[in-house]
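Topology and contacts: notes
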Amino acid sequence: MRVINAIFNRQRGRLLVLQLLAFACASTLWAQQPADKTTVSKETLQLLLKRIDQLETRVSQLEADKQAAEAAHPGVTSPSVNPPSDSTSTAAPALKTVPVPTPAAAQVGAPNPPEAEQVQAESAMPERMDMGRTLLRIRGFGDISLHGDTQKGDKTTFSLGQLDLFVTSDISERFKFLSEIVFEGGPDNFYGSTAGQANSFTVDPERYLLQYSQNDHLNLSVGRGHTAIGYYNTAYHHSTWLQTTTGRPFLFEFEDRGGILPVHIVGVTASGLVSSGPLGLHYVAEVGNGRESRDPLNQEPVQNEISDLNHKAFNFALFAKPSVLPGFQTGFSVYHDLLAPANLPKVGEIIYAAHAVLIRPKYEWLNEALLDRHALAGSSTVFNTPGFYTQASRQFGSFRPYFRYQYINVAKKEPIFPDVGLRHGPSLGLRYDASEFVALKFQYDYTVLRDQQNVNGLTLQLGFTF
């Protein structure tokens, strides 16, 4: 009813103004010469009188609606009435409300009517969670591949790659949420042991982070993220479309795809800029659950809920991005954890990693090396696993040819992942950007394995984002 009263009062004010204006114009025209009176006052007065008639009709309609509303809701001081559906009306859009208890009822503690309870429930929810104040973004990535190789037992097949939904939300000026929800086909491969059914899809929250940004020098993340070991693991996440090649270097392969590094960590991460002028130093410090190390090996390595030890893993990384060399980055990281495989002493793990990369719009050059050191508690036995890769590419229009060489050498009696062994070899490929959001890749891999025949493989991959 307040809406109607406001419209009525506004229209009545306009009516009075127009009446005074008509009277003033008539008086002025009457005082002019007869020629002006004949030619001007007729046209002007006709327009004014026509407008006055329209406003009188409008006021009458509003008065009738007001009386009808009062008859429909007797004794209620603030009922809801939608303005008339008049295409020529300039009133505000219709407001949907319901009756609320009168102040007298509230003072004496009278029970609220059901309509009032509904109003309170609906109005309380926006106060706790205003969806219009958070900015939710969803970006998708996917790929489809055709792969074949000469390894015994493998078959040439089409494969659906990871379907990655990258979801972010600006919760407030300082708080943000980030996640990667990945759908991928099984079975999983944990250190050479398979788990799950073939041709079935699973859903994994690969990243699940609440982020807080104080300033350029302090940023905090809590949840599940990618461990800042080296460069590749935090530069390229769960989308092959973002990568030049069809897949990740074996050193940084995901845990459920046979990888040997703790690619994910569940815990707390602090990162930021170190005041260093043109050197552009950055730091990353992480503490988390580490990775599962007990038998059977087909268990999920990422400890999302329960840690197998009270001991926590930690990682520290430092890298520089000097302003005099745009696109260049170099740095190192140190990761420490304590593993507890079944029927073996505890194993202390230290991973040293270093990188130097140069990324420009037309070309890239990636170089990383690491040493994974496992020391058995109570003895002097130490197993060192070295590995490295180098990758280079150059863009020519929509085409980008690339080359990568990778190497890893795991000892035969390695207690954590004895199945990997020695593997190294080159990869040659070509990426063609068919559009801004679709890329076609063709890659040849030659892999040398210890105590096995060398493997030749071909992969044709279609990657896209949406």
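Given the structure is predicted, the values throughout are model-derived calculations rather than measurements. (Residues numbered from 1 in each chain as written. Predicted model: local features only at pLDDT ≥ 70, side-chain atom pairs only at ≥ 80, totals over all residues. Heavy atoms only, no water.)

**Concerning the environment of G259**
Applicable threshold: Labels follow the DSSP assignment, with helices taken as runs of H or I lasting at least four residues and strands as runs of E lasting at least two, numbered in each case from the N terminus. Whether a residue is buried, partly exposed or exposed follows from its accessible area with a 1.4 Å probe, protein chains only, as a fraction of its type maximum: under 20%, in between, or over 50%, in that order.
Mapped onto the elements of the fold, G259 is located in the loop between α6 (232-235) and β9 (264-274). Given the relative accessible area of 0%, G259 is considered buried. For the pair G259 and N189, spaced 70 residues apart in sequence, the C-alpha separation works out to 8.5 Å.

**Structural notes on the nonpolar core**
Test applied: For this analysis, a nonpolar core means a set of buried residues of the types Ala, Val, Leu, Ile, Met, Phe, Trp, Tyr and Cys, connected via side-chain atoms within 4.5 Å. The contact criterion used is simple: two residues touch if any of their non-hydrogen atoms lie within 4.5 Å.
Judged by nonpolar contacts, the single largest core of 28 residues is most densely connected at F252, I260, L261 and L366. Sort the elements by how many residues they give to this core and strand β13 (residues 347-359) lands first, with 4 residues. Each residue touching F252, except ones within four places of it in the same chain, is listed here: I229, Y232, N233, L261, V263, E368, L370 and Y389.

**Re the pairing of strand β8 (residues 218-226)**
As a reminder of what qualifies: Note: two strands are recorded as paired if DSSP finds a minimum of 2 bridges between them.
Pairing of strand β7 (residues 201-215) with β8, which is carried by 7 bridges, proceeds in the antiparallel orientation. Looking at the pairing, S213 lines up with N219 of β8. What sits between the antiparallel neighbours β7 and β8 is a turn of 2 residues.

**Side note on the side chain of H238**
What counts here: Any N or O atom pair separated by 3.5 Å or less is treated as a polar contact, with the protein-specific requirement of one donor-capable and one acceptor-capable atom, and with residues adjacent in sequence counted only for side-chain atom pairs.
Examined against the element boundaries, H238 turns out to sit in the loop between α6 and β9. A distance of 2.9 Å separates polar atoms of two side chains, one belonging to H238 and the other to H226. When near neighbours in sequence (up to four residues on either side) are disregarded, H238 contacts Q162, D164, E180, V182, E206, H226, F254 and H264.

**Observations concerning the pattern of salt bridges**
Applied cut-off: The term salt bridge refers to a side-chain nitrogen of Lys or Arg lying within 4 Å of a carboxyl oxygen of Asp or Glu.
Counting across every chain of the model gives 8 salt bridges. In this structure, the salt-bridge partner of D170 is K176, at a minimum N-O distance of 3.0 Å. Ionic pairing is found between D433 and R431, a salt bridge with its closest N-O pair at 3.1 Å. Residue D433 is classed as partly exposed on the basis of its relative accessible area, which comes to 24%. Residue classification places R431 among the buried residues on the basis of a relative accessible area of 9%. Salt bridges here are not isolated pairs; linked through shared partners, they connect R137, D170 and K176.

**What to know about the packing of aromatic side chains**
Operational definition: Stacked, edge-to-face and tilted labels apply to pairs of Phe, Tyr and Trp rings (six-membered ring for Trp) whose centres lie within 6.5 Å, assigned for plane angles under 30 degrees, over 60, and everything in between, in that order.
By the definition in use, this model includes 12 aromatic pairs. For the pair F175 and Y212, a centre-to-centre distance of 5.0 Å together with 50° between the ring planes defines the contact as tilted. Taken together, the residues F175 in strand β4 (residues 175-185) and Y212 in strand β7 connect sequence positions 37 residues apart. F175 sits in the partly exposed class, given a relative accessible area of 37%. Residues F388 and Y407 carry aromatic rings whose centres are separated by 5.6 Å and whose planes lie at 25° to one another, so their mutual orientation is stacked. Remark: Y407 occurs in strand β16 (residues 399-409) and F388 occurs in strand β15 (residues 382-394); sequence separation between them is 19 residues.

**Focus: the confidence of the model for the chain**
To keep it simple, the criterion reads: Across the chain, each position has a pLDDT score giving the predictor's confidence in that residue, from 0 to 100.
Of all residues in the chain, 75% have pLDDT values of 70 or greater, and the mean over the chain is 81. Contacts for the low-pLDDT stretch residues 28-38, under 50 throughout, to residues beyond four places or in other chains number 6 contacts. Between residues 75-129, whose pLDDT stays under 50, and residues either more than four places distant or in other chains, the model counts 36 contacts.

**Looking at the environment of L338**
You can see L338 is positioned in strand β12 (residues 328-339). Judged by relative accessible area, L338 falls into the partly exposed class, the value being 24%. Sequence separation between L338 and H374 is 36 residues; the distance between their C-alpha atoms is 9.4 Å. When neighbours within four sequence positions are excluded, L338 is seen to be in contact with L309, H311, K346, V347 and G348.

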